[in-house]
Structures are given as structure tokens and as C-alpha cells.
Amino acid sequence: MSVVVLVIIGLVLFFKMKGRKGPIKRGGLGIISPVLFMLVMFSLSISQLLHIPGKPFHLPAYWEMLIAALLGLCFGAVMLTQTSYEIRDDGLIYSKPNKTFKYVIIAIIGIRIALSQYFKSMDYIEFTILTMTLAFIYICVWRFGSFVKYRKLQGDGQSAETR
């Protein structure tokens with residue numbers, strides 16, 4: 001299990017470093033595409049949770065969902081502060097290099113792993129739903145916020161070109 005987590009962390013950092021070199025294409029839609037991917041994956045996961053033999057499906061308590069959502073908002077806000085874009089000399093928009101990003105993402109993943117170890121005594125279905133809620137909220141906040149930053153910069157760049 002920890003090997004899988006380390007591989008995922010490595011792949012995230014690798015693709016983030018690799019993607020930073022090229023300009024952002026397709027009007028920035030690639031920024032929000034992980035949200036759509038997660039929506040599909042979470043719906044498949046929930047449909048699997050509905051059909052576990054001998055385990056009735058139930059949602060966690062509302063206060064637990066609220067805490068997971070608030071943690072997701074906090075993580076997303078931190079990720080959003082670490083994400084910025086710049087218009088370079090060629091007129092295209094690039095992701096601005098951030099030296100602390102890799103440390104922030106490793107810290108967030110570490111906090112999630114620590115929380116998952118702490119809450120292992122919970123029911124499997126409740127734990128899975130809470131983890132998916134936290135991840136979905138923070139990815140949504142981060143990606144939609146990044147998309148808004150990108151579009152704002154794109155709008156500023158186009159208005160500067162028309163002057």
C-alpha cells in the first residue's frame with residue numbers, strides 16, 4: 001500500500017514538473033479536466049460500495065461530511081495559493097515555477113495518510129466516502145480556482161494586446 005502511495009506521489013510530481021515547461025493549451029480546459037475524471041471515478045467507486053455483500057450502504061454523519069468538506073476547502077486553498085501563471089515573451093500563458101509546491105503537495109498527502117491511519121477504526125464505507133469528499137472538494141477548489149486565475153490572466157493579456 002505504501003509503495004502505491006509513493007508511486008502516486010512520484011507520478012504527480014513528475015507530471016507537474018514536466019507540464020510546467022510547456023504553455024497551457026485548449027483554453028485552459030486541461031486545468032479542470034481532473035475534476036471530470038474524479039467525478040467519473042468516484043461515481044464508479046460509489047456504485048461498487050453500494051454492492052458490497054453483507055454491508056449496507058450508508059452515508060457518514062452530516063458533521064463528519066462537513067469536517068471533510070472544510071478540510072478539503074483548506075487543502076484546496078493552500079494548493080491554490082501555490083499555483084500561479086505568467087505570460088511569457090511569446091504571448092502564451094505558462095504555469096509559473098514554484099519551488100515550494102512539491103513540499104506543499106507532499107505535506108498534504110502526508111496529512112491525508114496520517115488522517116487515514118487515525119480513522120482506520122471507522123466503518124470502511126464511511127471512511128471511503130469521507131476520503132472521497134475531502135479529495136473531491138480540494139481538487140475542485142484548487143482546479144477551478146486555478147482555471148479562474150488562468151482565465152483572468154488570459155483576459156488581461158488579450159486586453160493588453162488590443163491597446
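Residues numbered from 1 in each chain as written. Predicted model: local features only at pLDDT ≥ 70, side-chain atom pairs only at ≥ 80, totals over all residues. Heavy atoms only, no water.

Examining the overall build of the chain
Okay, step 1: What the chain contains, in helices and strands, is five helices and two strands.
Okay, step 2: Relative to its 163 residues, the chain shows a buried fraction of 33%.
Okay, step 3: Here the analysis covers contacts within the chain between residues at least 6 apart in sequence; of these, 80% occur between residues at least 24 apart.
Okay, step 4: Summing over all exposed atoms, the chain offers an accessible surface of approximately 10,500 Å²; the carbon and sulfur share of this is 70%. (Helix = DSSP H or I, 4+ residues; strand = E, 2+ residues; numbered from the N terminus. Buried < 20%, exposed > 50% of the residue type's maximum accessible area, 1.4 Å probe, protein only. Contact = heavy atoms within 4.5 Å. Areas by Shrake-Rupley, 256 points an atom, 1.4 Å probe, with all protein chains shown as cover.)

Let's talk about the confidence of the model for the chain
Okay, step 1: In the predicted model, the chain carries a mean pLDDT of 82, and the fraction of residues at 70 or more is 86%.
Okay, step 2: Per-element confidence in the chain ranges from a low mean pLDDT of 65 for helix H1 (residues 2-19) to a high of 91 for helix H3 (residues 62-81). (pLDDT = per-residue confidence, 0-100.)

Describing a nonpolar patch on the surface
Okay, step 1: A contiguous nonpolar surface patch, about 390 Å² in accessible area, is contributed by Phe37, Val40, Met41 and Leu44.
Okay, step 2: By the element assignment, Met41 lies in helix H2 (residues 29-49). (Patch = residues over 30% accessible without salt bridge, like charges linked within 9 Å, V, L, I, M, F, W, Y side chains within 5 Å. Salt bridge = Lys/Arg side-chain N within 4 Å of Asp/Glu carboxyl O.)

Focus: unusual backbone geometry
Okay, step 1: In this structure, Arg26 takes a positive phi of about 55° despite not being glycine.
Okay, step 2: Position of Arg26 among the secondary structure elements: in the loop between H1 and H2.
Okay, step 3: Residue Arg26 is classed as exposed on the basis of its relative accessible area, which comes to 63%.

Quick word on the nonpolar core
Okay, step 1: With 24 residues, the main nonpolar core has Met79, Ile108, Tyr138 and Ile139 as its most contacted residues.
Okay, step 2: Breaking this core down by element, the ones donating at least two residues are H2, H3, helix H4 (101-118) and helix H5 (124-162).
Okay, step 3: Take this core: its biggest share by element is 11 residues, from H5.
Okay, step 4: Counting seven residues, the second largest nonpolar core, distinct from the first, contains Tyr85, Ile93, Phe147 and Tyr150. (Core = buried A, V, L, I, M, F, W, Y, C linked by side-chain atoms within 4.5 Å.)

Notes on the pattern of salt bridges
Where charged atoms of side chains with opposite charge meet at close range, the side chains can pair.
Okay, step 1: Following the criterion strictly, the structure yields two salt bridges and no others.
Okay, step 2: Here Asp123 makes a salt bridge to Lys55, at a shortest N to O gap of 3.4 Å. Here the residue Asp123 occupies a position in the loop between H4 and H5, and Lys55 occupies one in the loop between H2 and H3, the gap between them amounting to 68 residues.
Okay, step 3: The partly exposed category is assigned to Lys55, whose relative accessible area is 37%.
Okay, step 4: Of the charged contacts, one joins Glu86 and Arg88 as a salt bridge, the two residues approaching to 3.0 Å between their closest N and O atoms.

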